[in-house]
Amino acid sequence: MLISMIILGVLALMIIVGAGRPFLKDFRLHWAAALIFFLAVVGLNFIPLIRIGAFNFSVGTALFYLVIIGAFFVRSKFSSAVTAFAAGLVFGGLIYAATRVALLTGNEFFATTNWAYALIIGFIAFILARNGKYSFLIASLAMMLPNMLVQIGMDGFSLNYGFDWTIVAAGTAFTLYAVTMLILKHLPEDKKESKIVSLFESDRLK
């Protein structure tokens, strides 16, 4: 959980210094609300695990996943929300399928969720959505799903399983979008007519 806590802390810092403004604009959030959310997830994850039979979870992790799922349909155009949610499920299913193929071929590293899947899905979500909100949500959902599915057949089930990689994916999408929008913002006017600029200004899943 240490990796996820560090990344969430970095994202909170980006929001404080203003680097996360494009992300907040797409979410239609005040910077204080996003900051409180990230810090709440970090703080609540220091509370001991809650155990119900073979199932266990941290309050912070549960809060993150609940908010992520709900955020798809809050302050969103319904068609865009459904498209983004479906994309998250599809990519999550593909990651799970990849882990099963890796398991059959004896590739232990790719037989479970890891940082490599997280970085790839974060990049794909960023390219697909071209929108701060949906790239973050798609990446989060796409990692959450396989994190849960790979536990099928295990002795227990933990909501915290693979949470680090969910945050790596979401953080990758967040950072790529924030940096891209910062670069585009500071481009000279004569450079802003490029095809790449127009792609991001179109906000495909807005």
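No experiment lies behind these values; they were computed from the predicted model shown.

A. View of the overall build of the chain. For the chain, the count of helices and strands is nine helices and three strands. Buried residues in the chain amount to 47% of all 206 residues. Put simply, of all contacts in the chain between residues at least 6 apart along the chain, 70% involve residues at least 24 apart. Only carbon and sulfur atoms are counted for the fraction: they give 72% of the accessible area of the chain, which is about 10500 Å².

B. Representation of the nonpolar core within the structure. If you look at the biggest cluster of nonpolar residues, it comprises 51 residues, and the most contacted ones within it are F38, F64, F136, L137, I138 and M143. Every element with two or more residues in this core is listed here: α1 (2-17), α2 (21-27), α3 (31-44), α4 (59-71), α5 (78-104), α6 (115-129), α7 (132-149) and α8 (163-185).

C. Structural context of α4. Taking 1.5 Å per residue, 13 residues should reach 18 Å; α4 reaches 18 Å between its end C-alpha atoms and fits that length. Burial in α4 covers these residues: G60, T61, A62, F64, Y65, I68 and A71. Each element contacted by the buried residues of α4 is listed here: α2, α3, β2 (55-57), α7 and α8.

D. Looking closely at the packing of aromatic side chains. Counted by the stated rule, this structure contains 21 aromatic pairs. Taking the centre distance of 5.9 Å and the plane angle of 70° together, the rings of F64 and Y65 count as edge-to-face. When its relative accessible area of 0% is taken as the criterion, F64 is described as buried. Ring plane angle 90° and centroid distance 5.7 Å describe the contact between Y65 and F163, whose orientation is recorded as edge-to-face. On the criterion of sequence distance, the pair formed by Y65 in helix α4 and F163 in helix α8 is long-range, its members being 98 residues apart. F163 shares its class with Y65; the two are buried. Here a set of aromatic residues connected by ring pairs shows up, and it is made of F23, F27, F37, F38, F64, Y65, F136, F163 and F174.

E. Representation of the side chain of S4 in the model. Relative to the assigned elements, S4 resides in helix α1. Apart from residues lying up to four places away in sequence, S4 is in contact with F163, D164 and I167.

F. Structural context of the side chain of N160. Its location among the elements puts N160 in the loop between β3 (157-158) and α8. Judged by relative accessible area, which is 12%, N160 ranks as buried. Of note is the side chain of N160, whose polar atom sits 2.6 Å from the side chain of S58. Leave out the neighbours within four places in its chain, and N160 touches M1, L49, F57, S58 and T61.

Thresholds, definitions, all that
- Residues numbered from 1 in each chain as written.
- Predicted model: local features only at pLDDT ≥ 70, side-chain atom pairs only at ≥ 80, totals over all residues.
- Heavy atoms only, no water.
- Helix = DSSP H or I, 4+ residues; strand = E, 2+ residues; numbered from the N terminus.
- Buried < 20%, exposed > 50% of the residue type's maximum accessible area, 1.4 Å probe, protein only.
- Contact = heavy atoms within 4.5 Å.
- Areas by Shrake-Rupley, 256 points an atom, 1.4 Å probe, with all protein chains shown as cover.
- Core = buried A, V, L, I, M, F, W, Y, C linked by side-chain atoms within 4.5 Å.
- Expected span 1.5 Å × (residues − 1).
- Phe/Tyr/Trp six-rings, centres within 6.5 Å; stacked < 30°, edge-to-face > 60°.
- Polar contact = N/O pair within 3.5 Å; in protein donor to acceptor, adjacent residues only side chain to side chain.

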